[in-house]
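Architecture and fold: a report
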Amino acid sequence: MAFTIKKGDTSPSIQSTLKDASGTAVDIAGATVKIHMKAVGSSVLKVDQTMTIVNASGGIVKYDWTASDTDTVGTYYVEFEVTRADSSIETFPNNGNAVVVIAPSLD
């Protein structure tokens, strides 16, 4: 299911629970997490920012949008890149991409 936000909005934040292939939440204690977002069909990242870890043992992260993140209507692929303390990297979801839709506003 896609996360939808209106053009120019900065709320609500996008939040995700990072899960392994079996659907179990991944412990991300001691890690950093980045959100990567790019328009479908593009090779250029629209968003490449650090996320807030809400609950490390439960794998819950969130990102607070800026106006420039949501200034272009379209459909975007999103992934969450976890870098652990040992420098290993794991990307979620690991079987495809999450989807964000930036819908037109009336103004």
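It should be noted that the structure appears before, not after, this text.
These figures come from a predicted structure and were not determined experimentally.

1. Overview of the layout of surface pockets
Size it by volume and the largest pocket reaches roughly 320 Å³. Around the largest pocket, the lining is made up of 19 residues, and of these Ser16, Thr17, Phe80, Pro93 and Ala98 lie nearest the centre. Those elements that provide at least two residues to the lining of the largest pocket are β2 (14–17) and β9 (98–103). Per-element accounting of the lining of the largest pocket gives the leading share, four residues, to β2. Here the lining of the largest pocket is built from residues that sort into eleven nonpolar, six polar and two charged.

2. Quick notes on the sheet that holds strand β6 (residues 60–63)
Pairing within the open sheet is antiparallel, and its three strands lie in the order β2-β6-β5. In the strand order of this sheet, the two ends are held by β2 and β5 (52–55), each with one partner. Along the sheet, successive strands turn relative to each other by an average axial angle of 30°, direction set aside. Relative to β6, β2 runs antiparallel, the two being bridged by four bridges. Looking at the pairing, Ser16 lines up with Val61 of β6.

3. Here's the deal with the pairing of strand β8 (residues 89–92)
Here strand β7 (residues 74–83) runs beside β8; their pairing, made up of four bridges, is antiparallel. Of the residues in β8, the one forming a bridge with Phe80 is Phe92. Hairpin remark: β7 followed by β8, antiparallel, with five residues in the connecting loop; positive phi at Ser87, about 75°.

Definitions and cut-offs
Residues numbered from 1 in each chain as written. Predicted model: local features only at pLDDT ≥ 70, side-chain atom pairs only at ≥ 80, totals over all residues. Heavy atoms only, no water. 1 Å grid on protein atoms, 1.4 Å probe; cavity = no way out; pocket = protein on both sides within 12 Å on 5 of 7 lines; lining within 4 Å. Points joined across faces, edges and corners; volume = space filled by probe spheres on them. Helix = DSSP H or I, 4+ residues; strand = E, 2+ residues; numbered from the N terminus. Nonpolar A, V, L, I, M, F, W, Y, C, P; charged D, E, K, R; others polar. Pairing = 2+ DSSP bridges. Axes fitted to C-alpha atoms, helices over the stretch in contact; angles between N-to-C directions.

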